[in-house]
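Structural description and commentary
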Amino acid sequence: MPASLKEVIGLLELEQLEVGLYRGSQPAGSSLKRVFGGQVAAQALMAAQLTVPEDRFVHSLHLYFILGGDPSIPIVYDVENVRDGRSFTTRRVAARQHGEIIFYMTASFQVEEDGYDHQDAMPPVPSPDEATPLLQIIEMRGPEAVEHWKQEWSSFDLRYVGDNRAADDPQRDLTPVAQRLWFRGDGELPASRLIHNAAFTYISDLSLLGASLVPHGQFIGSEKVQPASLDHTIWFHRPIAADQWLLYDQTSPSASGARGLSTAHVFAEDGTLVATVAQEGLIRRTG
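Here the structure is a predicted model, which is why all the values come from computation and not from measurement.

1. So, the layout of surface pockets
Taken as a whole, the second largest pocket encloses approximately 650 Å³ of empty space. Taken together, 22 residues line the second largest pocket, and the ones lying closest to its centre are Q110, E113, F236, H237 and R238. Secondary-structure elements contributing two or more residues to the lining of the second largest pocket are β3 (56-65), β6 (100-111), α5 (193-204) and β10 (225-236). The greatest single-element share of the lining of the second largest pocket, amounting to three residues, is contributed by β3.

Structure representation (structure tokens):
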């Protein structure tokens, strides 16, 4: 994965092959065995955005991860023009490798309108400066984990706030799961709403599924868990600045059938609710 935000931006610069057909590059030197789901989602959103009128922006997207992507070859994104209405535009994107569809996305775009406005309040949490850099937590797993993290995830600054479900908590079955962290791009993004939306989509896939493992005392990188994103949904409520601090307020209402469901509110540092995210993923127990 990219070790810098500049490399992430480069991944969002797609090559147009034909009308509605785009090719996305892969990061150089990645050690991942399959393409990071957030990368496929971000590139698919960029492909869709490039076919939409400039006066409308994404308000929701629904993603299905069908096959693991091959990081050694580019991904081709085929954008289907489903509908262009007076207020809303709908696009469907199929991502292909080796002649097979590895990913589907349906996204809806809307012209900006005024209307009723309300939101949930941001929970009281420590500021980003008071939170723990995620790299410090990774250090507890050893030097190899640290080097892997620096190589693959240094493009974003992540600060862990914590979770509320200790393994010995007698109230663990009565308390809703909570896992929270701050994140932002480690650098400055171009002043483009399309880029910010895609960059946010990229990083939104990184930690969310982990909330479903909090009640079980496990984490995504554990040898006891086989994780994989199955589907992913984002509702964009208000403009997002992906290079400014965002609070990822995550919970998990259920895990069953080797799958975990996680949902999250995303708040700007001033308390503005900018997005809601949901994801179901594989959390197969392997040990």
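2. Considering the side chain of S207
If you trace the backbone, S207 turns up in the loop between α5 and β10. Residues in contact with S207, not counting those within four places in the same chain, are Q179, L181, Y248 and Q250.

3. A few points about the packing of helix α2 (residues 37-49) against α5
Axes are the key here: two packed helices are described by the angle between their axes and the distance separating the axes. Contact geometry of α2 with α5 gives a least axis separation of 7 Å together with a crossing angle of 155°. Put simply, α2 runs roughly antiparallel to α5. The interaxial crossing formed by α2 with α5 has right-handed handedness. Here G38, Q39, A41, A42, L45, M46 and Q49 of α2 lie close against α5, whose contacting residues are L194, I195, N197, A198, T201 and Y202. For the contact of α2 with α5, the class distribution of residues is eight nonpolar, five polar and no charged.

4. Observations concerning the packing of aromatic side chains
Scanning the entire structure with this criterion turns up six aromatic pairs. Between F183 and F200 the ring centres are 6.2 Å apart and the planes differ by 20°, which places this aromatic pair in the stacked class. A residue pair is termed long-range when its members are at least 10 positions apart, and F183 in strand β9 (residues 179-185) and F200 in helix α5 qualify at 17 residues. A connected cluster of aromatic rings, assembled from ring pairs, spans F183, F200, F236 and Y248. Sitting over the face of the ring of F57, R193 holds its NZ or CZ atom 4.1 Å from the ring centroid.

5. Quick word on α5
With 12 residues, α5 should reach 16 Å at 1.5 Å per residue; the first-to-last C-alpha distance of 16 Å fits that figure. Burial analysis of α5 places 10 of its 12 residues in the buried class, the great majority of the element. Every buried residue belonging to α5 is among I195, H196, N197, A198, A199, F200, T201, Y202, I203 and S204, and all of these are buried.

6. So, the pattern of salt bridges
By the definition in use, this model includes 10 salt bridges. The residue D78 makes a salt bridge to R96 at a minimum N-O spacing of 3.2 Å. Of this pair, D78 sits in strand β4 (residues 75-84) while R96 is found in strand β5 (residues 88-97), placing the two residues 18 residues apart along the sequence. Notably, a salt bridge pairs R180 with D249, separated by 2.6 Å at the nearest N-O pair. Of the two residues, R180 is situated in strand β9 and D249 in strand β11 (residues 246-256); the sequence distance between them amounts to 69 residues. Judged by relative accessible area, which is 23%, R180 ranks as partly exposed. You can call D249 buried: its relative accessible area is 15%.

7. A word on the nonpolar core
One finds L61, F103, M105, F156 and F200 to be the most contacted residues of the largest nonpolar core, which totals 60 residues. With residues near it in sequence (within four places) discarded, M105 still touches A44, L45, A48, L61, H62, L63, R91, R92 and V93. In this structure, A131, W182, W245 and L247 belong to the second largest nonpolar core, which totals six residues.

8. Here's the deal with α2
Its 13 residues place the ends of α2 18 Å apart at the C-alpha level, agreeing with the 18 Å of an ideal helix rising 1.5 Å per residue. Burial within α2 is extensive, with 13 of its 13 residues counted as buried.

9. Description of the pairing of strand β2 (residues 21-24)
Every second residue of β2 is oriented toward a common face, the buried set being Y22 and G24 and the non-buried set L21 and R23. The pairing of strand β1 (residues 15-18) with β2 spans three bridges and is classified as antiparallel. Across the sheet, E18 pairs through a bridge with L21, a residue of β2. Joining the antiparallel neighbours β1 and β2 is a turn of two residues, in which G20 adopts a positive phi near 75°. Across four bridges, the pairing between β2 and β4 is antiparallel.

About the thresholds
Residues numbered from 1 in each chain as written. Predicted model: local features only at pLDDT ≥ 70, side-chain atom pairs only at ≥ 80, totals over all residues. Heavy atoms only, no water. 1 Å grid on protein atoms, 1.4 Å probe; cavity = no way out; pocket = protein on both sides within 12 Å on 5 of 7 lines; lining within 4 Å. Points joined across faces, edges and corners; volume = space filled by probe spheres on them. Helix = DSSP H or I, 4+ residues; strand = E, 2+ residues; numbered from the N terminus. Contact = heavy atoms within 4.5 Å. Axes fitted to C-alpha atoms, helices over the stretch in contact; angles between N-to-C directions. Parallel < 35°, antiparallel > 145°, perpendicular 65-115°, else oblique. Left-handed = near helix turned anticlockwise from the far one by under 90°. Nonpolar A, V, L, I, M, F, W, Y, C, P; charged D, E, K, R; others polar. Phe/Tyr/Trp six-rings, centres within 6.5 Å; stacked < 30°, edge-to-face > 60°. Lys NZ or Arg CZ within 6 Å of the ring centre and 35° of its normal. Expected span 1.5 Å × (residues − 1). Buried < 20%, exposed > 50% of the residue type's maximum accessible area, 1.4 Å probe, protein only. Salt bridge = Lys/Arg side-chain N within 4 Å of Asp/Glu carboxyl O. Core = buried A, V, L, I, M, F, W, Y, C linked by side-chain atoms within 4.5 Å. Pairing = 2+ DSSP bridges.

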